[in-house]
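As a plain string of letters, each chain reads:
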Amino acid sequence: MHPAPPAPASAADAGAGAAPPTGDAGGWHAIDAADALARLGSSPAGLASAAARRELDRHGPNELPRQPSDGLAILLWRQVAQPLIAVLLVAAAVTGALGHWIDAGVILGVVVANALVGVVQERRAGRAVEALLELVALESTVVRDGVVQAVDARELVPGDVVVLDAGDKVPADCRLLEARGLLVDEALLTGESVPVEKLEAGALPAETPLPERRNLVFAGTRVTGGQGRAAVVATASATELGRISALVGAAEPLATPLTRRIAAFSRTLTIAISALAALTFGIAWLRGYELLDGFLAAVALAVSAIPEGLPAIMTIALAAGVRRMAARNAVVRRLPAVETLGSTTVICSDKTGTLTRSEMVVVEAYAGQRIELTGSGYRPSGALLLDGRSLAQPPSAVAGLLEAALLCSDARLVESDEGWRVEGDPTEGAIVAAAGKAGIDRDRTERLRPRLDALPFESERRFMATLHATEAIGPWIVVKGAPEEVIARCETVAWNERLDARAVLEEAERMAGAGQRVLAVAAKSEEGPARALERVDLEDGFTLLGLLGLFDPPREEAVRAVAACHSAGIRVAMMTGDHPRTAAAIARAVGIEAGVGRALTGAELDRLTDDELAREAATASVFARVAPEHKLRLVRALQGSGEIVAMTGDGVNDAPALRQADIGVAMGVSGTDVSKEAADMVLRDDDFATIEAAIEEGRRVYDNLIKSIVFILPTSAGESLLVLLAIALGLTLPVLPVQILWINLVTTVALALPLALEAREPDTMRRPPRRLGEPVLGRLAIQRIGLVALLMFGAGIGVFEWEQARGATVEEARTTVIATIVLIEALYLLNCRSLARSAREVGLLANPSVYWGIALVVALQLAFTYVPFMNTLFETEPIGGVQWLVAAGVATGVMLLIALEKRLGGAPERRRGSAGRPRTPGR
């Protein structure tokens, strides 16, 4: 076992009801460095090599365990053990029993194709845990036997002392022993948008949340600046990274709304078909049929009732949605995920990079007056505004503030084909860009005031200082850092004779309340020749030049997308590792919750029971300082309340929730491989607006699937009635099972395919999400299916009896019936382009593929009727022009009746359209 971290002294120390510390590194922040080394049996000189070998044997290598994967047989069984697949297997069995092996092979081909797709997708999803392995460092610098040496990171053990430098990947969870200007990028674990300052401070309160444990560093994070030494306290699965790996492996993604609805629909359909087949067998037996003939009659009804083409249509409709989403920068990794976004009721969004640009920007400068700076990213261009008015040039006080801040920064801006990027600290990059907006040239400024010396930012003093040479005033010192530290060293201000420290600090607090990161800048001139900076030079005598407010601004397109989601009845919640005040400010800026007062923190969530959490999750929209288990727990709470949850994220800390959510959405640009592998969809542009576009596309896909079902089912139901009535009345079957398969598998599928390409309905994003328990087919759809099935049945039996009455052979009569059904389908297709609107209202030429589909089916039907080997295969005979005229006339009459029903029955739906739909977020 790993060394046990110290427990809080009492319940009060940890906070009443608080959850135990997370990870085996959870409690090490609560003791000082000396106690940590003593508990680990180590020292600043590190472990002895022999002790390290013993610890390695005890703890095992420092690598994440590989989860055993399910075998191929288990994966295949999961794909076929579904009601709809069972229906298809029954269809294949009965068609095979009839000796029609080609048809049985086609159905089995659909089953096998769907199963293979499912297996491939499950295998890809399982790689989420594997991707975590790539985050573990390959080599580390450690102190062993008192000597600094490089070792394989897998050989690290608790008690090892590691040496950290800029650019290093942290190899394990460690307690800091020394830190000098140490900055660590922890975004993948905490969501912090800027590197975190680390320090070798003493014991922190036990309840300190993970993002604020400044005396710990975590495996998989990266050092961006400074140096440090730290004692390893947890390796392998005991690290925060290992804990997240376990959460990812334990998170079980739920069935999508579409698969749940289709499964329920398939179960109902299976029961109905089985009952009808049994009824048919019973009727046949009562009418004196031989047992074998009665069985074949029941088989005929089952074949007619099973919509064999439905899985193919579903797959093709979803695939078409995948292509359209890809064109809108959303790459779908699992087919059913296409529709899931259309059912989403809550979007849990990460902040950094999704709702915001993940680019620090100076948005405000205060030097006696408030100046607003516009522009985005690190591009050094934008406007300076005073009371909303653009300034031709900055006030002298603001120019002096920005020039000094520029000189006291090390970052550089580089322009490339992909735009402007920063080399160095993002905060300093934002300052360089702000100086450029004020017309301050860096090269010229540095030539006029060359840097002679610098003291980097350190945790003890919380500011950076630089010394410059000037011709006019001699040596010049600039400091930049935390307002309270800088202001405490000032005696005057640049815009006034007297310093009012309280007023300036209140101004800094106002800026921080708006979610800004506030820096103060001060300067003073020294007498005598230039020399190296000493600590005594930084104690007092400075003039405050002003304050700078930095912000990771929201994406403008995200603001519009959040509003669009609200109008579509979808609630948007934000989950971030950032400070609650920053989170609340961003929430207000993007419109997640107007006037939000505060954000719920992870520590507050720990104190809630599951029931209390469910109530909070149903209403709260902003969650800050949340750890991976908080996100996972929130997603589960929302799902337990009947919500369909979409989760967005880019870091390792998001992976468990991404996998648990109904649909996980990862960022393609800023996202880690772990988040992408855990997600169902990846955004190529990291833009929340793309999620809104994908929701629109998901709703379109679902609408088109319903249209396809409403198109397919009447044919199966009408054929079933034909068979059932013929058996009940002792008549000759108007259609044979093999002919039914022709209609169901060839003509119906060919005609239904164009429906997958239909444009979205006008009210798509102005109606609420579908309820979780809502059936696949609503009242209007069932009404339409019933009517069309009855009309198709009546047309089929009428044409068959008319043909026999005029002396046609049974084969000719059946061929005419099939032609009639196919023509009814072709014309009915035009009505299915919208369940409530007429073909004229949706645009006669808006979907040309409809007419290509009809032309294809007509050509296939002509081949079916006149090609000799088709006549032999399907037991048909060629028919004459009179039969075609009759078939066309009957089909036209049926189409007119359906159009009349749509006008009368669909009128309320058209009137509701968008105006009658709820437009408030949530449910």
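Worth saying up front: this structure is predicted, and the values here are computed from it rather than measured.

## What about the pattern of salt bridges?
Here is step 1 of the chain: Taken as a whole and assessed by the stated rule, the structure comprises 30 salt bridges.
Here is step 2 of the chain: A salt bridge links Arg328 to Glu697, with the nearest nitrogen and oxygen atoms 3.9 Å apart. With Arg328 in the loop between α12 (310-327) and β8 (330-332) and Glu697 in helix α26 (residues 688-729), this residue pair connects regions lying 369 residues apart in the sequence.
Here is step 3 of the chain: A residue is classified by how much of its surface remains accessible, and Arg328, at 34% relative accessible area, is partly exposed.
Here is step 4 of the chain: The class for Glu697 is buried, based on a relative accessible area of 3%.
Here is step 5 of the chain: Glu507 is the salt-bridge partner of Arg370, the closest N and O atoms lying 2.7 Å from each other. Placement of the pair is Arg370 in strand β11 (residues 370-373) and Glu507 in helix α18 (residues 501-513), with a sequence separation of 137 residues.
Here is step 6 of the chain: The class of Glu507 is buried, set by a relative accessible area of 8%.

## Here's the deal with the pairing of strand β20 (residues 517-525)
Here is step 1 of the chain: The buried count for β20 comes to seven of nine residues, which makes it a mostly enclosed element.
Here is step 2 of the chain: Here strand β18 (residues 476-481) pairs with β20 via six bridges, running antiparallel. By the bridge assignment for β20, Val478 is matched with Ala523.

## A word on the side chain of Arg699
Here is step 1 of the chain: Looking at where Arg699 falls in the secondary structure, it is placed in helix α26.
Here is step 2 of the chain: Asp703 provides the closest opposite charge to the buried, unpaired Arg699, separated from it by 7.8 Å.
Here is step 3 of the chain: Not counting the four nearest positions on each side in its chain, Arg699 is found in contact with Gly342, Ala568, Ile570, Thr764, Met765, Arg767, Pro768 and Pro769.

## A few points about the packing of aromatic side chains
Here is step 1 of the chain: Applying the stated rule across the entire model yields five aromatic pairs.
Here is step 2 of the chain: Ring plane angle 65° and centroid distance 5.3 Å describe the contact between Trp742 and Phe874, whose orientation is recorded as edge-to-face. Pair noted here: Trp742 is in helix α27 (residues 737-752) and Phe874 is in helix α32 (residues 868-874), with a separation of 132 residues, a long-range link. Assigned by exposure class, Trp742 and Phe874 land together as buried.
Here is step 3 of the chain: Note on Phe864 and Phe874: the rings are 5.2 Å apart at their centroids and 50° apart in plane angle, and the pair reads as tilted. Placement of the pair is Phe864 in helix α31 (residues 849-866) and Phe874 in helix α32, with a sequence separation of 10 residues. Here Phe864 and Phe874 have matching classes, each one buried.

## Here's the deal with unusual backbone geometry
Here is step 1 of the chain: Even without being glycine, Asp145 reaches a positive phi, approximately 55°.
Here is step 2 of the chain: Within the fold, Asp145 resides in the loop between β1 (139-144) and β2 (147-152).
Here is step 3 of the chain: With relative accessibility at 47%, the residue Asp145 sits in the partly exposed group.
Here is step 4 of the chain: Within the chain, Asp387 stands out as a residue other than glycine whose phi angle is a positive 55°.
Here is step 5 of the chain: With respect to the helices and strands, the residue Asp387 is situated in the loop between β12 (384-386) and β13 (389-390).
Here is step 6 of the chain: Owing to a relative accessible area of 70%, Asp387 belongs among the exposed residues under this scheme.

## Some words on the confidence of the model for the protein
Here is step 1 of the chain: Per-chain confidence: the protein averages 80 in pLDDT, with 82% of residues scoring 70 or above.
Here is step 2 of the chain: A low-confidence stretch, residues 907-923 stays under pLDDT 50, and its non-local contacts, those more than four residues away or across chains, total 35 contacts.

## Details of the environment of Gly282
Here is step 1 of the chain: Mapped onto the secondary structure, Gly282 falls in helix α10 (residues 257-286).
Here is step 2 of the chain: Taking the relative accessible area as the measure of exposure, Gly282 reaches 24% and is therefore partly exposed.

## Some remarks on the nonpolar core
Here is step 1 of the chain: Residues Met681, Phe688, Phe711 and Leu777 are the most contacted members of the largest nonpolar core, which totals 120 residues.
Here is step 2 of the chain: For this core, the element with the highest residue contribution is α26, accounting for 19 residues.
Here is step 3 of the chain: Discounting chain neighbours no more than four positions away, the residues touching Phe711 are Thr748, Leu751, Ala752, Leu755, Glu825, Tyr828, Leu829 and Cys832.

## Quick look at helix α15 (residues 426-437)
Here is step 1 of the chain: End to end, α15 covers 17 Å across 12 residues, agreeing with the expected 16 Å (1.5 Å per residue, within 8%).
Here is step 2 of the chain: Among the 12 residues of α15, 11 are classified as buried, and the element is accordingly described as predominantly covered.
Here is step 3 of the chain: Every buried residue of α15 is accounted for by Pro426, Thr427, Glu428, Gly429, Ala430, Ile431, Val432, Ala433, Ala434, Ala435 and Lys437.
Here is step 4 of the chain: Taken from the residues just after α15, Gly439 is the one with a positive phi, measuring 80°.

## What to know about the environment of Leu310
Here is step 1 of the chain: Inspection of the secondary structure puts Leu310 in helix α12.
Here is step 2 of the chain: On the basis of relative accessible area, Leu310 is assigned to the buried category, the value being 2%.
Here is step 3 of the chain: For the pair Leu310 and Leu713, spaced 403 residues apart in the sequence, the C-alpha separation amounts to 9.0 Å.
Here is step 4 of the chain: Ignoring anything within four residues of it in the chain, the contact list for Leu310 reads Phe265, Ile709 and Ile712.

## Section: the packing of helix α28 (residues 779-805) against helix α29 (residues 810-831)
Here is step 1 of the chain: Taken N-terminus to C-terminus, the directions of α28 and α29 make an angle of 150°; their axes are 9 Å apart at the nearest point. The angle between α28 and α29 falls in the class roughly antiparallel. The two elements α28 and α29 meet at a crossing, and its hand is right-handed. Counted together, Arg784, Val788, Met792, Ala795, Gly796, Val799, Phe800, Glu803 and Gln804 of α28 and Val810, Glu812, Ala813, Arg814, Thr816, Val817, Thr820, Ile821, Ile824, Glu825 and Tyr828 of α29 form the full contact between these two elements.

## Comments concerning the packing of α29 against α31
Here is step 1 of the chain: Between α29 and α31, whose axes approach to 10 Å, the crossing angle comes to 175°. By the angle between their directions, the pair α29 and α31 is classed as roughly antiparallel. Of the residues in α31, those in contact with Thr815, Ile818, Ala819, Val822, Ala826, Leu829 and Leu830 of α29 are Val850, Tyr851, Ile854, Val857, Gln861, Phe864 and Thr865.
Here is step 2 of the chain: For the contact of α29 with α31, the per-class residue count stands at 11 nonpolar, three polar and no charged.

The rules behind the values
Residues numbered from 1 in each chain as written. Predicted model: local features only at pLDDT ≥ 70, side-chain atom pairs only at ≥ 80, totals over all residues. Heavy atoms only, no water. Salt bridge = Lys/Arg side-chain N within 4 Å of Asp/Glu carboxyl O. Helix = DSSP H or I, 4+ residues; strand = E, 2+ residues; numbered from the N terminus. Buried < 20%, exposed > 50% of the residue type's maximum accessible area, 1.4 Å probe, protein only. Pairing = 2+ DSSP bridges. Lys, Arg positive; Asp, Glu negative; His and termini not counted. Contact = heavy atoms within 4.5 Å. Phe/Tyr/Trp six-rings, centres within 6.5 Å; stacked < 30°, edge-to-face > 60°. pLDDT = per-residue confidence, 0-100. Core = buried A, V, L, I, M, F, W, Y, C linked by side-chain atoms within 4.5 Å. Expected span 1.5 Å × (residues − 1). Axes fitted to C-alpha atoms, helices over the stretch in contact; angles between N-to-C directions. Parallel < 35°, antiparallel > 145°, perpendicular 65-115°, else oblique. Left-handed = near helix turned anticlockwise from the far one by under 90°. Nonpolar A, V, L, I, M, F, W, Y, C, P; charged D, E, K, R; others polar.

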